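# Tertiary structure, described
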Amino acid sequence: MESIGEDGDGQRIDNYFFKRFRNIPKSHIYQLLRSGQVRVNGKRVSFHYRLQLGEILRIPPINKTEKQDIRHQKIPQSKHFSFHVIFEDEALLVVDKPSGLAVHGGSGISFGVIEQLRAQRPELKFLELVHRLDRETSGVLLLAKKRNALVELHRQIRSGQTEKHYQVMVKGQWSNTKQNVKLPLIKYVTVAGERRVAVADSKPGPHKHHGQKEMDSHTLFNLIKAWQDYSLLDAELKTGRTHQIRVHLAHLGFPIVGDDKYGDFSINKQLAKNRSESCLNPGLARMFLHASNMQIKHPLSGQRLKLIAPLPTDLKTFINHLELNENLNERK
């Protein structure tokens, strides 16, 4: 069993399986669907059914002669990752996800956060991601240890009862203290076959979407501090679209520092070089996007929880370099 997250929301169920089980013949996937072995919320569905956020998907056992889904692989003890636990009780497990670790395996990644935690906590009968973070994004990540907790948290997310904040560093001087950004997004595929997101009607030519559903998106940005060339922002997600913060900022001309999909590649290259050379100029080898805090109602007790992940050392070091350079320039 698994819960459908934002990456599967609106996707046809056959395509969802093709992506998850790349080495399984398509004919076998269709046979599983036709025979009713695949269930959504306990019901049979056809191959053209579109999945929705929060639905519970039953994946039947895969024949041993075929490659199994990576969620059933055992992880060697030597490859176990130690997670900082922010909060845990009988219903929830909240961890501080490090940058560079995917939330789930796939696309060449053997073991993501969910596979790691399932292997480390074999006594848990149920453990599912409540939401997702991009691989390079660090910070607060929620997992449910009970099905009713998962369903309730998904209800809160859909109804806008949760609050999610990110700290993000952008290139350029951000001037507005507070700025609401409401721009519809679309998903598209590049000529090279890579999946991307863009502000609707902003991608002409071969990238332009054809019949793609436009998704409303809303981010509230608050300025924390601006330096000569960079600005630190608090980004509050009002909607939770894929790559929403990254695309909004890139569209406005303030790319996230270190973003390898929507950012300024020349700046990213220079920052990576600065880091390797240990010079006085700020250096960074990752995207500066951190899920700093999330507020929810406990799915069982209803108590309001504020879950906080402190800024990682590499991001704090980047800020310290900016502060140092600012102080040196003021003394000149």
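Check the entry above for the structure.
Residues numbered from 1 in each chain as written. Predicted model: local features only at pLDDT ≥ 70, side-chain atom pairs only at ≥ 80, totals over all residues. Heavy atoms only, no water.

## Observations concerning the overall build of the protein
Where we set the bar: Secondary structure elements follow DSSP: runs of H or I no shorter than four residues count as helices, runs of E no shorter than two count as strands, and numbering proceeds from the N terminus. Contacts are residue-level and defined by heavy atoms, with any inter-residue pair within 4.5 Å sufficient. Residue burial considers only the protein chains on display, and all accessible areas are found by Shrake-Rupley using a 1.4 Å probe.
Looking only at helices and strands, the protein has 7 helices and 16 strands in total. For the protein, the proportion of contacts with a sequence separation of at least 24, taken over those separated by at least 6, is 65%. Working note: accessible area of the protein is about 17,100 Å², and carbon and sulfur atoms make up 48% of it.

## Details of the packing of helix H1 (residues 13-20) against helix H2 (residues 26-34)
Where we set the bar: Axis definition: a line fitted to C-alpha atoms, limited for helices to the stretch in contact. Angles are taken between N-to-C directions and run from 0 to 180 degrees. Each angle receives one of four descriptions, namely roughly parallel if under 35 degrees, roughly antiparallel if over 145, roughly perpendicular if within 65 to 115, and oblique otherwise. We call a crossing left-handed when the near helix sits turned anticlockwise from the far one by less than a right angle, and right-handed when that turn is clockwise. Note on residue classes: Ala, Val, Leu, Ile, Met, Phe, Trp, Tyr, Cys and Pro are nonpolar, Asp, Glu, Lys and Arg are charged, and everything else, Gly too, is polar.
H2 packs onto H1 with a crossing angle of 135 degrees between their chain directions and a minimal axis gap of 10 Å. Overall, the two elements H1 and H2 adopt an arrangement that is oblique. Our pair here, H1 against H2, has a crossing hand that is right-handed. Where H1 approaches H2, its residues Ile13, Asp14, Phe17 and Phe18 are matched on the opposing element by Lys26, Ile29, Tyr30 and Leu33. Among the residues making up the contact of H1 with H2, the classes are represented as 6 nonpolar, no polar and 2 charged.

## Considerations on the side chain of Ser3
The line we're drawing: Remark: exposure states derive from per-residue accessible area (1.4 Å probe, protein chains only) relative to the maximum for the residue type, with buried under 20%, exposed over 50%, and partly exposed in between. Counting of polar contacts relies on pairs of N or O atoms within 3.5 Å, with two restrictions inside protein: one atom must be capable of donating a hydrogen and the other of accepting it, and residues adjacent in sequence are counted only when both atoms are side-chain atoms.
Along the chain, the position of Ser3 falls in strand E1 (residues 2-3). Residue classification places Ser3 among the buried residues on the basis of a relative accessible area of 3%. There is a polar contact of 3.4 Å between the side chain of Ser3 and the side chain of His154. Here Ser3 is in contact with Gly54, Glu55, Ile56, Glu128, Arg132, Leu150 and His154, once residues within four sequence places are set aside.

## With respect to helix H6 (residues 265-277)
The following threshold applies: Multiplying 1.5 Å by the helix residue count minus one yields the expected span of that helix. As used here, the arc belongs to the directions running from the helix axis to the C-beta atoms.
Between the first and last C-alpha of H6 there are 18 Å, a value that for 13 residues agrees with the 18 Å anticipated at 1.5 Å per step. What H6 keeps buried is the set Ile267, Asn268, Leu271 and Asn274. Along the axis of H6, the buried positions cluster into a sector of 125 degrees, meaning they face one direction only. The exposed set on the far side of H6, more than 90 degrees from its buried face, consists of Phe265, Ser266, Lys269 and Ser276. Buried positions along H6 lie against strand E9 (163-171), strand E14 (230-237) and helix H7 (313-331).

## Things to note about the pattern of salt bridges
The condition is simple: Any Lys or Arg side-chain nitrogen located within 4 Å of an Asp or Glu carboxyl oxygen qualifies as a salt bridge.
This structure, assessed with the given rule, holds 13 salt bridges. One salt bridge connects Arg121 with Glu88, and the closest N-O pair in it is separated by 2.6 Å. Taken together, the positions of Arg121 in the loop between helix H3 (113-120) and strand E7 (128-129) and Glu88 in strand E5 (residues 84-88) put the pair 33 residues apart, joining distant regions of the chain. Residue Glu88 is classed as partly exposed on the basis of its relative accessible area of 33%.

## Things to note about the side chain of Asp96
Along the chain, Asp96 turns up in strand E6 (residues 92-97). The residues touching Asp96, leaving out its near neighbours within four places in the chain, are His84, Ile86, Gly139, His290, Ala309 and Pro310.

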